[in-house]
Amino acid sequence: MYDAIVVGAGPSGSSAAYHLSRGGLKTLLIDKAKFPRRKACAGAVPEWVFRQLGLSPISDIGSVPIQRMRLFYNGRKCEVDLGCPYVHIVDRARWDAFLVGRAQRAGAHFVDRCWFLRAWPRGDAIGVATSAGDFACRYLIGADGLRSTVRTMVAAPHRKRLLALGMYVYRRPSGACPIPEGTIDIHFDGPRFGYCWVFHRGDSLSIGVAGSCLALDTRRAKAVLGGLLTELGSAPALGAFHLGFLPIGHSFRRLARRRVLLVGDAGGLVDAYAGEGISYAIESGRIAAEAVLRHGGRSYAKLCRRAFGGRLNCCLALALAVHSLPSVFKRQLLKPSLLALYLNTVRDGRSYGPFLAALFRAAFLGAVAPEATRQAPLHEATHLGDQQP
Ligand SMILES: Cc1cc2nc3c(=O)[nH]c(=O)nc-3n(C[C@H](O)[C@H](O)[C@H](O)COP(=O)(O)OP(=O)(O)OC[C@H]3O[C@@H](n4cnc5c(N)ncnc54)[C@H](O)[C@@H]3O)c2cc1C
């Protein structure tokens, strides 16, 4: 019998398995895919995550550092260079395999190509049926992503209106590259309730679109992406594209029932504004392990709310404000001090409260966001222009 079985070996599952094993629990980590596996994801991970894991993002993971953001809206552009990376672009196959290896080194037993089928109460334990046979455990961790099967034991499936869609292609930079290295471009003019992105990944460009499923379906996403490719001087035919869905996160979701805990996308823990889910996956995996080790799993939802509930709710408020009143808020986001405050907030995993407050003050009181400069002390933003492109 295992102390814990973790279903899904993405960042949330590996993080839970790592911490459970380090805490001395006999842990089984399973995934239906053969590892290393691919995952539809732009792969932007905030700088603080690497600091917290004690990793060097470039030498350990081979990630691409990003220190500059260019924001485009309504014929205007704002560019901020922090002078140091605020996110790193990881290759998900490599990153996820690295995190699985870390969990294995801590003592977790990992089996890939193993499907979770169902679970049932078995005395004091939980019976677990998988494609590799039946097991028993005391705690079951659902880390099986957006379409989680474990989730059905805790809450209803994610509803379509609370999902976002992301679609992207890779292009080799050729001729005059439309974007300098170390840069992310965000285009706010594309879809309603979403945005387009261009990342420089070193050897290729990631060009994509993301937005709420209320306003964006696959057909519309293809049209928006084709238009952006044409604008960038690339062939508009998409060819092989990557498509995935994300839950829109907030702090009011049910995350646990008895000894079954949901982490990462299975729990719906994704930032509604930027679509950042990797850091929440890793955090929730760590917190689930802590809750199991210290309190028999009971405090899990409370600990999550305390750790990042406020951040998730601020991101939801930000997404609603920016996309419902674009002419008010998107215009404000073109202010370098506000953009720098946002990037520093992402970089350090700080509360989004001060950023949101500064944004609303700028929008409704015309304030030049004194907070913005006060709250960005770690690295002064270099304002490289607020120009017509
Ligand atoms: C287009 C797109 C772009 C994104 N870009 C970013 C970004 O730039 N930055 C960011 O932070 N986040 C991004 N995200 C979100 C991010 O990818 C997710 O939040 C993150 O992967 C969640 O990790 P997880 O471990 O919860 O789930 P996943 O990474 O989805 O892992 C779930 C695992 O469970 C396994 N599994 C599923 N069902 C079963 C089963 N029945 N039995 C066994 N195993 C099973 C799957 O094979 C999978 O390996 C993006 C998402 C999309 C769709």
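Computed from a predicted model, the values in this text were never measured in an experiment. (Residues numbered from 1 in each chain as written. Predicted model: local features only at pLDDT ≥ 70, side-chain atom pairs only at ≥ 80, totals over all residues. Heavy atoms only, no water.)

1. Regarding the state of the cysteines
At step 1: This structure, assessed with the given rule, holds zero disulfides.
At step 2: Here Cys78 stays free of any disulfide, with the sulfur of Cys84 as its closest cysteine sulfur at 17 Å.
At step 3: What makes Cys78 buried here is its relative accessible area of 0%.
At step 4: Considering cysteine sulfurs only, Cys114 is the nearest to Cys137, which forms no disulfide, with 12 Å between them.
At step 5: Note on Cys137: relative accessible area 0%, which makes it buried. (Disulfide = S-S within 2.5 Å. Buried < 20%, exposed > 50% of the residue type's maximum accessible area, 1.4 Å probe, protein only.)

2. What to know about the sheet that holds strand β7 (residues 87-89)
At step 1: The antiparallel open sheet is built from three strands, whose spatial order is β3-β7-β4. Of all the strands in the sheet, just β3 (44-46) and β4 (64-66) have a single pairing partner and so form its edges. Each strand axis lies, on average, 30° off the axis of its neighbour in the sheet, ignoring direction.
At step 2: Bridge analysis of β3 against β7 gives three bridges, and the strand direction is antiparallel. Note on β7: the bridge partner recorded for Pro46 is Val87. (Pairing = 2+ DSSP bridges. Helix = DSSP H or I, 4+ residues; strand = E, 2+ residues; numbered from the N terminus. Axes fitted to C-alpha atoms, helices over the stretch in contact; angles between N-to-C directions.)

3. Observations concerning the packing of aromatic side chains
At step 1: This model, assessed by the stated rule, comprises 14 aromatic pairs.
At step 2: Ring centres of Phe50 and Trp95 lie 5.4 Å apart, and the angle between their planes is 50°; this geometry places the pair in the tilted category. Residue Phe50 is located in helix α2 (residues 47-53), and its partner Trp95 is located in helix α4 (residues 92-105); the two are separated by 45 residues in the primary sequence.
At step 3: With a centroid separation of 6.0 Å and an interplanar angle of 45°, the aromatic rings of Tyr168 and Trp197 are classed as tilted. Here Trp197 lies in strand β14 (residues 194-200) and Tyr168 lies in strand β12 (residues 163-171), a separation of 29 residues in the sequence. (Phe/Tyr/Trp six-rings, centres within 6.5 Å; stacked < 30°, edge-to-face > 60°.)

4. A closer look at the side chain of His200
At step 1: By the element assignment, His200 lies in strand β14.
At step 2: In terms of polar contacts, His200 uses its side chain to reach the backbone amide nitrogen of Gly202, at 3.2 Å. (Polar contact = N/O pair within 3.5 Å; in protein donor to acceptor, adjacent residues only side chain to side chain.)

5. A word on the site of the ligand
At step 1: Around the ligand, the surrounding shell holds 35 residues, and the nearest of these are Ser12, Asp31, Arg37, Ala44 and Asp265.
At step 2: Separating an oxygen atom of the ligand from a side-chain N or O atom of Arg92 is a distance of 2.9 Å.
At step 3: At a separation of 2.7 Å, an oxygen atom of the ligand approaches a polar side-chain atom of Asp265.
At step 4: The protein chains hide 93% of the 1000 Å² of surface that the ligand would expose on its own.
At step 5: Looking at the shell around the ligand, the element that brings in the most residues is strand β16 (residues 242-247), giving three residues.
At step 6: Classifying every residue of the shell around the ligand gives 16 nonpolar, 11 polar and eight charged. (Near = heavy atom within 4 Å. Areas by Shrake-Rupley, 256 points an atom, 1.4 Å probe, with all protein chains shown as cover. Nonpolar A, V, L, I, M, F, W, Y, C, P; charged D, E, K, R; others polar.)

6. A short note on the nonpolar core
At step 1: Core analysis: the largest hydrophobic core is formed by 82 residues, its most contacted members being Phe188, Tyr273 and Tyr300.
At step 2: For this core, the leading source of residues is helix α7 (residues 300-324), giving 12 residues.
At step 3: Among residues more than four places away in sequence, those in contact with Phe188 are Leu71, Phe72, Tyr73, Gly194, Tyr195, Tyr273, Val322, Lys330 and Leu333.
At step 4: Leu165, Cys196, Val198 and Leu216 belong to the second largest nonpolar core, which has 19 residues in total. (Core = buried A, V, L, I, M, F, W, Y, C linked by side-chain atoms within 4.5 Å. Contact = heavy atoms within 4.5 Å.)

7. Section: the pattern of salt bridges
At step 1: In total, this model carries 14 salt bridges according to the counting rule given.
At step 2: Note that Arg51 and Glu47 form a salt bridge whose closest N and O atoms lie 3.5 Å from each other. Of this pair, Arg51 and Glu47 both sit in helix α2, four residues apart, which is roughly one turn of that helix.
At step 3: The exposure class of Arg51 is partly exposed, given its relative accessible area of 46%.
At step 4: Take Glu47: its relative accessible area is 16%, and that puts it in the buried class. (Salt bridge = Lys/Arg side-chain N within 4 Å of Asp/Glu carboxyl O.)

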